[in-house]
Amino acid sequence: PTSIPTSSKAAMSLLSLGLLAAYFAGGVQFMMNQEGWDAADAFYFWCMTVSTVGYGDLAPTTPKTQAFVSVYAIVGLVLVWSIVSDYYGAVQGKLQSFQAKLLKMVGIELVDVHALPIDKHTPEQVNAKIKYWRRYLLAMLPMVTLLALFVALHFVRKESSFTEAVYFGVVTATTVGFGDFGF
C-alpha cells in the first residue's frame with residue numbers, strides 16, 4: 001500500500017490546526033461580544049466545553065448565547081476530536097513501530113497485515129469509495145437522538161423556552177454539564 005506523502009501530511013496538519021484556531025477564535029470572539037467575557041475566560045470556556053468537562057464556573061446566560069453554544073459545541077466536539085484522533089493515529093503508528101523493534105530484539109516478529117495479498121486497495125482507493133459525510137452523520141445520530149429526548153423531557157417537565165430546552169439537551173448529551181440547569 002502507498003502512504004500519503006509527507007508534504008500532504010504537513011498540509012493536512014496545517015489545515016487542521018488552522019480550522020482549530022478558527023473555531024476557537026470564532027467562539028472566543030462571540031462570547032466576548034455577547035457575554036462580555038475577556039479573551040482568557042472565553043478561551044477557557046471553549047476548552048472546557050470541547051473537552052466535555054463543564055465545571056460550571058462559566059456558562060452562557062442569554063437565549064442567544066445558549067443557542068450558539070448548542071450548535072457550536074457539537075461542531076467543536078466533532079472538529080476537535082477528529083483532529084485529536086488523527087494525531088493519535090500518528091503517535092500510535094510510532095508507538096507500534098517502537099514496539100515492533102523491541103519485540104524483534106527479543107526474537108518476536110510481527111506480521112504486517114497490510115503486506116498480505118488480501119489488501120488489494122490503496123488508501124486513496126478506499127477513501128474514494130467511503131462516503132465520509134455519511135459516516136459523520138451516522139456517528140452523530142445517537143447524539144441527536146439523545147438530544148431530542150433531553151429536549152423533549154426538559155421542555156415538557158420544566159416551563160422553559162425551546163432554546164433553553166435545546167441548550168440543556170446539548171449540554172447534557174455532550175456531558176459538558178455547566179451546572180446552570182437541572183431537574
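This is a predicted model, so every value here is computed, not measured.

## Brief notes about a nonpolar patch on the surface
Residues F98, L102, M105, V106 and I108 make up a contiguous nonpolar surface patch of about 550 Å² in total accessible area. Tracing the backbone shows F98 in helix α3 (residues 63-105).

## Considering the packing of helix α2 (residues 39-50) against α3
The interhelical angle for the contact between α2 and α3, taken along N-to-C directions, is 65°, at an axis separation of 9 Å. Here α3 runs roughly perpendicular to α2, going by the angle between their axes. In this structure, α2 meets α3 at a crossing whose hand is right-handed. Across the interface between the two elements, F45, W46, T49 and V50 of α2 pack against F68, V69, Y72, A73, G76, L77, V80 and W81 of α3.

## Focus on the packing of aromatic side chains
Tallying each qualifying case throughout the model produces 10 aromatic pairs. Ring geometry for W46 versus Y72: centroids 5.1 Å apart, planes at 70°, classification edge-to-face. Of the two residues, W46 is situated in helix α2 and Y72 in helix α3; the sequence distance between them amounts to 26 residues. The same class applies to W46 as to Y72, namely buried. Through a chain of ring-to-ring contacts, three or more aromatic side chains come together here, namely Y23, F24, F30, W37, F43, F45, W46, F68 and Y72.

## With respect to the environment of G177
With respect to the secondary-structure elements, G177 resides in the segment after α6 (162-173). Given a relative accessible area of 38%, G177 falls into the partly exposed group. Taking the C-alpha atoms as reference, G177 lies 9.5 Å from A59; in sequence the two are 118 residues apart. Excluding anything up to four places from it in sequence, G177 contacts G54 and V171.

## Overview of the nonpolar core
Counting residues in each nonpolar core, the largest one holds 28 residues, and the members touching the most others are Y23, M31, F45, W46, V69 and F178. Going through the elements one at a time, α1 (6-35), α2, α3, α5 (132-157) and α6 are the ones with two or more residues in this core. For this core, the leading source of residues is α3, giving seven residues. The residues contacting M31, other than those within four sequence positions of it, are G36, W37, A42, F45, W46, P60, T65 and V69.

## Structural notes on the packing of α3 against α6
Two numbers describe how α3 lies on α6: the axes approach to 9 Å, and their chain directions differ by 35°. For the pair α3 and α6, the sense of crossing is left-handed. Seen from α3, the contacting residues are P63, Q66, A67, V69, S70, A73 and I74; seen from α6, they are T163, E164, V166, Y167 and V170. For the contact of α3 with α6, the per-class residue count stands at eight nonpolar, three polar and one charged.

Analysis parameters
- Residues numbered from 1 in each chain as written.
- Predicted model: local features only at pLDDT ≥ 70, side-chain atom pairs only at ≥ 80, totals over all residues.
- Heavy atoms only, no water.
- Patch = residues over 30% accessible without salt bridge, like charges linked within 9 Å, V, L, I, M, F, W, Y side chains within 5 Å.
- Areas by Shrake-Rupley, 256 points an atom, 1.4 Å probe, with all protein chains shown as cover.
- Salt bridge = Lys/Arg side-chain N within 4 Å of Asp/Glu carboxyl O.
- Helix = DSSP H or I, 4+ residues; strand = E, 2+ residues; numbered from the N terminus.
- Axes fitted to C-alpha atoms, helices over the stretch in contact; angles between N-to-C directions.
- Parallel < 35°, antiparallel > 145°, perpendicular 65-115°, else oblique.
- Left-handed = near helix turned anticlockwise from the far one by under 90°.
- Contact = heavy atoms within 4.5 Å.
- Phe/Tyr/Trp six-rings, centres within 6.5 Å; stacked < 30°, edge-to-face > 60°.
- Buried < 20%, exposed > 50% of the residue type's maximum accessible area, 1.4 Å probe, protein only.
- Core = buried A, V, L, I, M, F, W, Y, C linked by side-chain atoms within 4.5 Å.
- Nonpolar A, V, L, I, M, F, W, Y, C, P; charged D, E, K, R; others polar.

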